[in-house]
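Observations on the model geometry
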Amino acid sequence: MSSVLTDLLRHPIVQAPMAGGVSVPQLAAAVSEAGGLGFLAAGYKTADGMYQEIKQLRGLTGRPFGVNVFVPQPDLADPAAVEVYAEQLAGEATWYKAGLGDPDSGRDDGYDAKLAVLLDDPVPAVSFHFGVPAPSVLQSLRRAGTFTLVGATTAEEALAVQEAGADAVIAQGVEAGGHQCTHRDSAENDGSGIGLLTLVAQIREAVRIPIVAAGGLMRGSQIAAVLAAGANAAQLGTAFLATPESGAHPLHKQALTDPLFVRTELTRAFSGRPARALVNRFMREHGPYAPAAYPEINHLTSPLRKAAAKADDPQGMSLFAGQGHRLARDLPAGRLVEVLAAELREAATALSTGGAGR
């Protein structure tokens, strides 16, 4: 690992920031305390809501941690397509007795206000999803002492991350749960995602900055594999979603290993942007018709997803998960970091001696 990354974590394990209430302070603190790098998710929160979670996290740990921010999206949605999708969701609104959300509720997710907070009261690390922030933003954060990471799904995107001045790139493979971090969303690219090991190798040959590998990682042996491929650390989301400290809905946690949910798929059904989730009724019925329209569709379906969760109906919830979901373990987050680190050591030793690790 680079010297700066080494200062941030003892083990090359980063807890992915999962928006929507999953990455709570208790989860991030447990991961950081165990030697990984815990992350808060600022997405879908106000700037003050983010600040309050940072304060709470600082009260739980003195170890380094990170905050993830969504980069504002260009207005590319077709209003007519959004309206047609809203009409299709009318039956869902009736079923759950919930109105549809306003698709025009806002595009920037409070981006400028969040950056102002993070510059006024700096945190150890900040990562960005959905695009590359302006070089001036990355420079300002660096001057404040913050380590910056930006997601990428191709070598070309990784080059853009390096050229903008980020300290590290998060290589997100197509196996990853939740939203793909593609810099420019286009329906023409649906189904063209790159597997993580291939992506890490491609990005390693394209950039000089450190790489954090993300996508379907659930075991220490997989972490060893991405490190061998050229990554400097690994980011895991679904593995931590199942922990007691995670803020995920109990049914979401249970669904990870429930035989009823046999696979994941990338879908635009919930947000209008490709996101990997466990296949449920909502995805099957609406995924084929959801337009490329983020955040409009996300705003539109938000009340439905909340109503489904309140009704304890996983068939209407956005059950985001990576391809490795069946390998989820019901362990405390700190203990999971320790187990992953032990598995990593075992796998690294096996690789060096020609054996096989877990």
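Residues numbered from 1 in each chain as written. Predicted model: local features only at pLDDT ≥ 70, side-chain atom pairs only at ≥ 80, totals over all residues. Heavy atoms only, no water.

Under the criterion given, the structure shown has 13 salt bridges. A salt bridge links Asp 109 to Lys 114, with the shortest nitrogen-to-oxygen separation between them at 3.0 Å. You can call Asp 109 partly exposed: its relative accessible area is 22%. With a shortest N-O distance of 3.0 Å, Arg 263 and Glu 265 are connected by a salt bridge. Looking at Arg 263, the relative accessible area reads 41%, which means it is partly exposed. Classification of Glu 265 by relative accessible area gives partly exposed; the value is 34%. (Salt bridge = Lys/Arg side-chain N within 4 Å of Asp/Glu carboxyl O. Buried < 20%, exposed > 50% of the residue type's maximum accessible area, 1.4 Å probe, protein only.)

What follows deals with the packing of aromatic side chains. Counted under the stated rule, the structure contains 5 aromatic pairs. Taking 4.8 Å as the distance between ring centres and 45° as the angle between the ring planes, the aromatic pair formed by Phe 70 and Phe 130 counts as tilted. With Phe 70 in strand β3 (residues 65-70) and Phe 130 in the loop between β4 (125-129) and α7 (135-143), the pair connects residues that are 60 residues apart, well separated along the chain. Using a relative accessible area of 7% as the deciding quantity, one classes Phe 70 as buried. One aromatic cluster is present, built from ring pairs that chain together Tyr 44, Phe 70, Phe 130 and Tyr 294. (Phe/Tyr/Trp six-rings, centres within 6.5 Å; stacked < 30°, edge-to-face > 60°. Helix = DSSP H or I, 4+ residues; strand = E, 2+ residues; numbered from the N terminus.)

Residues that lie three or four places apart on an α-helix share one face, since the helix turns once every 3.6 residues. All of the buried residues in helix α6 (residues 111-120) are Tyr 111, Lys 114, Leu 115 and Leu 118. An end-on view of α6 places all buried positions within 100° of arc, on one side of the element. Facing away from the buried side of α6 by over 90 degrees, the exposed positions are Asp 112 and Asp 120. Lining the buried residues of α6 we find α3 (47-60), β3, β4 and α7. (Arc of directions from axis to C-beta. Contact = heavy atoms within 4.5 Å.)

Burial of the side chains of strand β9 (residues 233-236) extends over both faces: Ala 233 and Gln 235 are buried on one face and Ala 234 and Leu 236 on the other. Relative to β9, strand β8 (residues 211-214) runs parallel, the two sharing 3 bridges. The residue bridging Ala 213 from the neighbouring strand is Ala 234, located in β9. (Pairing = 2+ DSSP bridges.)

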